[in-house]
Amino acid sequence: MKRFTALVCIFALALSLCACSKESTNDTSAEKTEGTTGKVTEEATEEITKTPTEEVTETETEEPEEPTDTSETEATKQSEKRDYNPLPYIEKINNYELTHEGEVIYYNLIKIDDDDIPELVIANEHSGSEEEDWNLNLYVFKGELIAQVLNEFECDNVFNNAFVYLPEEDYICYHHCVGLDYSLEIFTLDGLAEGEYYESAYYDYEAGIYTIDGQETNSDKFYYLLNVANNTRNIFGYYTYDEIMVFLESGTVPDPL
């Protein structure tokens with residue numbers, strides 16, 4: 001009987017040890033699983049949190065490229081292009097008509113330099129002339145300021161004694177005959193106003209010699225100053241009062257003639 005009781009106790013002790021072992025194993029497994037899961041979850045959370053934050057931070061801190069400011073450039077270009085005010089021209093023409101009533105008068109607008117403000121040409125037939133000479137007037141407009149560069153300068157309509165210019169190049173050539181000799185004088189617009197040329201040429205008919213600034217040259221170089229590859233235009237009046245008013249009222253300039 002004592003032996004049986006001992007066996008029962010031993011069997012109960014074995015079952016108890018087995019149960020504790022199983023519970024201990026389950027606890028360890030749970031801890032391990034919980035620890036692994038927690039680590040993975042922590043790493044994943046850290047990765048998810050870290051990556052977007054870093055990218056957003058880099059994007060926010062990155063200096064954006066400065067856009068090209070075209071408005072200032074366009075405004076500068078626009079300010080450089082100066083439209084002329086037609087009112088002083090109209091006033092000058094009307095005054096000239098009043099003081100030269102009954103005379104044959106022709107007008108023109110030309111661009112001698114490149115400031116987009118045209119010069120006014122007034123040519124009226126020289127009274128009592130049998131050779132059809134003309135009095136030439138040239139006015140320069142700078143805003144409301146008017147400067148008269150040529151004042152009743154006597155020339156002829158066959159252009160033996162006349163002025164030519166290169167449009168918008170600030171180049172003026174005065175050519176005239178002295179007997180059978182022929183002279184050229186080259187001006188800028190300011191130089192013409194001051195009566196100072198920067199280059200001169202002369203053809204001595206009797207000697208048959210061409211010179212530029214006193215240095216002997218050939219006829220091609222001499223006449224090049226006059227024509228500049230045939231691009232020079234005459235400083236002369238070609239339009240009647242009504243015709244020039246159409247240009248002025250529309251703010252346009254006729255093509256060079």
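Scroll up for the structure.
What comes next is a walk through the structure. (Residues numbered from 1 in each chain as written. Predicted model: local features only at pLDDT ≥ 70, side-chain atom pairs only at ≥ 80, totals over all residues. Heavy atoms only, no water.)

### Here we look at the overall build of the protein
Check the secondary structure of the protein and you find 6 helices and 11 strands. Within the span of the protein, comprising 257 residues, buried residues form 30% of the whole. Considering only contacts in the protein between residues 6 or more positions apart, those separated by 24 or more positions represent 45%. Only carbon and sulfur atoms are counted for the fraction: they give 51% of the accessible area of the protein, which is about 17,300 Å². (Helix = DSSP H or I, 4+ residues; strand = E, 2+ residues; numbered from the N terminus. Buried < 20%, exposed > 50% of the residue type's maximum accessible area, 1.4 Å probe, protein only. Contact = heavy atoms within 4.5 Å. Areas by Shrake-Rupley, 256 points an atom, 1.4 Å probe, with all protein chains shown as cover.)

### Thoughts on the packing of helix α3 (residues 87-99) against helix α6 (residues 241-250)
The N-to-C vectors of α3 and α6 enclose an angle of 165 degrees; their axes lie 11 Å apart at closest approach. As judged from the angle between their axes, α3 and α6 are roughly antiparallel. Relative to α6, α3 is oriented so that their crossing is left-handed. Within the contact between the two elements, α3 uses Tyr-89, Ile-90, Ile-93, Asn-94 and Glu-97 and α6 uses Tyr-241, Ile-244, Met-245 and Leu-248. Of the residues assigned to the contact of α3 with α6, the class counts are 7 nonpolar, 1 polar and 1 charged. (Axes fitted to C-alpha atoms, helices over the stretch in contact; angles between N-to-C directions. Parallel < 35°, antiparallel > 145°, perpendicular 65-115°, else oblique. Left-handed = near helix turned anticlockwise from the far one by under 90°. Nonpolar A, V, L, I, M, F, W, Y, C, P; charged D, E, K, R; others polar.)

### Some points on the pattern of salt bridges
Here the structure, examined in full by the defined rule, presents 3 salt bridges. With a closest N to O distance of 3.6 Å, Asp-116 and Lys-111 form a salt bridge. On the accessibility criterion, Asp-116 (24% relative accessible area) is partly exposed. Its salt-bridge partner being Asp-115, residue Lys-142 comes within 2.4 Å of it at the nearest N-O pair. Remark: Asp-115 occurs in the loop between β1 (105-110) and β2 (119-125) and Lys-142 occurs in strand β3 (residues 133-142); sequence separation between them is 27 residues. Judged by relative accessible area, Asp-115 falls into the buried class, the value being 9%. Shared partners join several salt bridges into a network, and the residues in it are Asp-113, Asp-115 and Lys-142. (Salt bridge = Lys/Arg side-chain N within 4 Å of Asp/Glu carboxyl O.)

### Things to note about the packing of aromatic side chains
All chains considered together, the criterion is met by 16 aromatic pairs. On the basis of an interplanar angle of 15 degrees and a centroid distance of 3.7 Å, the ring pair of Tyr-89 and Phe-141 is categorised as stacked. Residue Tyr-89 is found in helix α3, and its partner Phe-141 is found in strand β3; the two are separated by 52 residues along the sequence. Each member of the pair, Tyr-89 together with Phe-141, is buried. (Phe/Tyr/Trp six-rings, centres within 6.5 Å; stacked < 30°, edge-to-face > 60°.)

### Things to note about the side chain of Asn-137
Tracing the chain through its elements places Asn-137 in strand β3. Judged by relative accessible area, Asn-137 falls into the buried class, the value being 0%. In this structure the side chain of Asn-137 is engaged in a polar contact, spanning 3.3 Å, whose partner is the side chain of Tyr-96. Of the polar contacts made by the side chain of Asn-137, one reaches the side chain of Gln-148; its length is 3.1 Å. Excluding residues within four positions of it along the chain, Asn-137 makes contact with Tyr-96, Leu-120, Val-121, Ile-122, Asn-124, Gln-148, Leu-150, Asn-151 and Glu-152. (Polar contact = N/O pair within 3.5 Å; in protein donor to acceptor, adjacent residues only side chain to side chain.)

### Description of the layout of surface pockets
In this structure, the largest pocket occupies an estimated 150 Å³ of space. Considering the residues around the largest pocket, the lining is formed by Asp-113, Val-140, Lys-142, Ala-147, Gln-148, Val-149, Asp-170, Leu-189, Asp-190 and Ala-193. Its residues assigned to classes, the lining of the largest pocket comprises 5 nonpolar, 1 polar and 4 charged. (1 Å grid on protein atoms, 1.4 Å probe; cavity = no way out; pocket = protein on both sides within 12 Å on 5 of 7 lines; lining within 4 Å. Points joined across faces, edges and corners; volume = space filled by probe spheres on them.)

### What about α6?
Every buried residue of α6 is listed here: Ile-244, Met-245, Phe-247 and Leu-248. The buried side chains of α6 occupy one side of the element, clustering within an arc of 160 degrees when seen end-on. Residues of α6 that are exposed and angled more than 90 degrees away from the buried face: Asp-242, Val-246 and Glu-249. Residues of α6 that are buried make contact with α3 and β1. A positive phi of about 70 degrees marks Gly-251, the residue just after α6. (Arc of directions from axis to C-beta.)

### Digging into the sheet that holds strand β10 (residues 215-217)
Pairing is antiparallel in the open sheet, where 7 strands are placed in the order β10-β9-β8-β7-β6-β5-β11. What marks the edges here is a single partner per strand, and that holds for β10 and β11 (233-234). Sheet analysis places strand β7 (residues 181-187) next to strand β8 (residues 199-204), joined by 5 bridges and oriented antiparallel. If you follow Glu-185 over to β8, its bridge partner there is Ser-200. (Pairing = 2+ DSSP bridges.)

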